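# Observations on chain architecture
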Amino acid sequence: MQQVIGIDLGGTAIKLGRFTTDGKCLQSITVDTPQPATPEAVLLKMIEAIAQVDPDNQSRAIGVGTPGPADAAGRVAKVAINLVGWQDVPLADWLEAKTGKPTILANDANCAGLGEAWLGAGRNFQHLILLTLGTGVGGAIILDGKLFVGHQGAAAELGLITLNPDGPMCNSGNQGSLEQHTSIAAIRRRTGKEPAELGKLAQNGDIEALTFWQEYGKDLGIGLTSLIYVLTPQAVIIGGGVSASFQYFLPAMQAEIEKRVLPTSRLGLQILPAELGNSAGMVGAAKLAWGLVTVDS
């Protein structure tokens with residue numbers, strides 16, 4: 001039985017899993033990301049963790065999701081957000097040298113999209129968008145069942161599209177990006193509350209919270225309008241921590257899309273909550289690794 005390892009590298013934790021071709025997770029562990037998270041320290045921690053998750057050295061390849069863009073070939077972590085000293089780190093080369101296994105990298109949101117497309121909410125679709133609503137707003141685009149990364153590997157920064165040209169400044173240099181209206185930080189700025197708290201209030205029928213989620217859904221719907229016109233996906237999948245309140249912002253989001261998008265561009269479009277939660281990145285990284293392996297029939 002052939003196996004690969006999927007790794008999700010985050011600012012606070014590194015998740016690893018060993019997977020079969022049909023996506024069954026045989027073993028998984030989570031280890032703390034070393035602090036400071038220098039490339040060398042992270043590499044050592046990964047090597048130790050790989051030995052734990054694959055004690056009999058059965059895996060054939062490794063996929064890694066990193067918090068920031070990778071190059072188009074999936075070899076170099078260009079920048080890693082919340083990690084110290086990460087600039088053009090040849091992580092795939094380093095892991096191959098230490099493990100002898102072919103290795104590939106991708107942005108963590110792209111991995112989450114691949115994971116949802118393989119085993120999650122997107123498994124019945126060939127064309128889909130994933131939007132992750134968390135500390136930032138990330139995205140992934142799957143076209144014809146394949147991850148779309150663009151010619152330099154940095155495509156699908158869906159949170160950085162312009163929503164309001166006069167809105168708050170974004171770290172990207174854009175102004176009024178979708179992220180600046182829909183991330184956790186944006187929700188705090190808009191309400192002074194945490195998304196989970198607003199979710200609980202909405203559940204208890206709090207009018208202010210329900211009104212906020214309606215406005216939030218409207219913003220998301222407007223942002224998605226542009227993406228739907230360009231990509232005409234079969235499904236839009238909403239993940240990340242804020243998606244816990246999906247039921248409260250979905251109606252306004254759907255209404256906005258139906259109002260703004262021609263029926264021909266949204267025929268059969270489904271808007272769904274992500275299903276894999278925190279394991280999506282690890283699952284997607286494993287799917288990435290399978291692309292390096294010739295599967296025996």
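Residues numbered from 1 in each chain as written. Predicted model: local features only at pLDDT ≥ 70, side-chain atom pairs only at ≥ 80, totals over all residues. Heavy atoms only, no water.

When helices and strands are tallied, the chain shows nine helices and 12 strands. Relative to the globule expectation of 19 Å for 297 residues, the C-alpha radius of gyration of the chain, 19 Å, shows essentially globular dimensions. Overall, the chain is about 55 × 45 × 40 Å in size when its C-alpha atoms are taken along their principal axes. Across the 297 residues in the chain, those meeting the buried criterion constitute 52%. Within the chain, counting contacts between residues at least 6 apart in sequence, those at least 24 apart form 62% of the total. If the 21 positive side-chain charges of the chain are averaged to one point and the 27 negative ones to another, these points end up 2 Å apart. (Helix = DSSP H or I, 4+ residues; strand = E, 2+ residues; numbered from the N terminus. Rg over C-alpha atoms; globule rule 2.2 N^0.38 Å. Buried < 20%, exposed > 50% of the residue type's maximum accessible area, 1.4 Å probe, protein only. Contact = heavy atoms within 4.5 Å. Lys, Arg positive; Asp, Glu negative; His and termini not counted. Charge placed at Lys NZ, Arg CZ, Asp CG, Glu CD.)

Moving on to the packing of helix α5 (residues 184-191) against helix α7 (residues 207-231). Between α5 and α7, the shortest axis-to-axis distance is 12 Å and the interhelical angle comes to 135°. In terms of orientation, α5 and α7 fall into the oblique class. Relative to α7, the crossing made by α5 is right-handed. Judged by residue contacts, Ile187, Arg190 and Thr191 of α5 engage Phe212, Trp213, Glu215, Tyr216 and Asp219 from α7. By residue class, the composition of the contact of α5 with α7 is four nonpolar, one polar and three charged. (Axes fitted to C-alpha atoms, helices over the stretch in contact; angles between N-to-C directions. Parallel < 35°, antiparallel > 145°, perpendicular 65-115°, else oblique. Left-handed = near helix turned anticlockwise from the far one by under 90°. Nonpolar A, V, L, I, M, F, W, Y, C, P; charged D, E, K, R; others polar.)

Side chains of Tyr229, Val230 and Leu262 sit close together on the surface and give an oily, nonpolar patch of about 310 Å² of accessible area. With respect to the helices, strands and loops of the structure, Leu262 is situated in the loop between α8 (246-260) and β12 (270-273). (Patch = residues over 30% accessible without salt bridge, like charges linked within 9 Å, V, L, I, M, F, W, Y side chains within 5 Å. Areas by Shrake-Rupley, 256 points an atom, 1.4 Å probe, with all protein chains shown as cover. Salt bridge = Lys/Arg side-chain N within 4 Å of Asp/Glu carboxyl O.)

Before going further, it helps to spend a moment on the environment of Gly100. The residue Gly100 is located in the loop between α2 (91-99) and β7 (103-107) in this model. Between the C-alpha atom of Gly100 and that of Ala61, which follows or precedes it by 39 residues, the distance is 8.8 Å.

Moving on: the side chain of Asp219. With respect to the helices, strands and loops of the structure, Asp219 is situated in helix α7. You can call Asp219 buried: its relative accessible area is 15%. When residues no more than four places from it in sequence are discounted, the contact partners of Asp219 are Leu163, Leu178, His181, Thr182 and Arg190.

Our focus in this paragraph is the packing of helix α3 (residues 108-119) against helix α9 (residues 280-290). At a closest axis distance of 6 Å, the pairing of α3 and α9 adopts a crossing angle of 80°. As the angle between them shows, α3 and α9 are arranged roughly perpendicular. From α3, Cys111, Ala112, Leu114, Gly115, Glu116, Trp118 and Leu119 reach across to α9, where they touch Ala280, Gly281, Val283, Gly284, Ala285, Ala286, Lys287, Leu288 and Trp290. In terms of residue class, the contact of α3 with α9 is made up of 11 nonpolar, three polar and two charged.

We now examine the sheet that holds strand β4 (residues 59-66). Spatial ordering of the open sheet is given by β3-β2-β1-β4-β7, a layout of five strands whose pairing is mixed. Each edge of the open sheet is held by one strand with a lone partner, namely β3 (25-32) and β7. Pairs of neighbouring strands in the sheet enclose a mean axial angle of 15°, with direction left out of account. Bridge analysis of strand β1 (residues 3-9) against strand β2 (residues 13-20) gives seven bridges, and the strand direction is antiparallel. (Pairing = 2+ DSSP bridges.)

This part covers the packing of aromatic side chains. Going through the model one piece at a time under the given rule, you end up with six aromatic pairs. The interplanar angle of 80° and the centroid separation of 5.9 Å between the aromatic rings of Phe246 and Phe249 together place this pair among those described as edge-to-face. Of the two residues, Phe246 and Phe249 are both situated in helix α8; the distance of three residues between them amounts to about one turn of the helix. Neither residue differs from the other here; Phe246 and Phe249 are each classed as buried. Through pairs of rings, three or more aromatic residues link up here, namely Phe212, Trp213, Tyr216, Phe246 and Phe249. (Phe/Tyr/Trp six-rings, centres within 6.5 Å; stacked < 30°, edge-to-face > 60°.)

For the structure shown, the criterion picks out 10 salt bridges. The partner of Asp54 in a salt bridge is Arg18, and the shortest N-O contact between them spans 3.9 Å. Residue Asp54 is found in the loop between α1 (39-53) and β4, and its partner Arg18 is found in strand β2; the two are separated by 36 residues along the sequence. Grouping residues by exposure puts Asp54 and Arg18 together as buried. A salt bridge links Glu275 to Arg123; the shortest N-O distance between them is 2.8 Å. With a gap of 152 residues between them, Glu275 in the loop between β12 and α9 and Arg123 in the loop between α3 and β8 (128-133) connect regions that are remote in the sequence. We classify Glu275 as partly exposed; its relative accessible area is 48%. One salt-bridge network, in which partners are shared between bridges, spans Arg75, Asp93 and Glu96.

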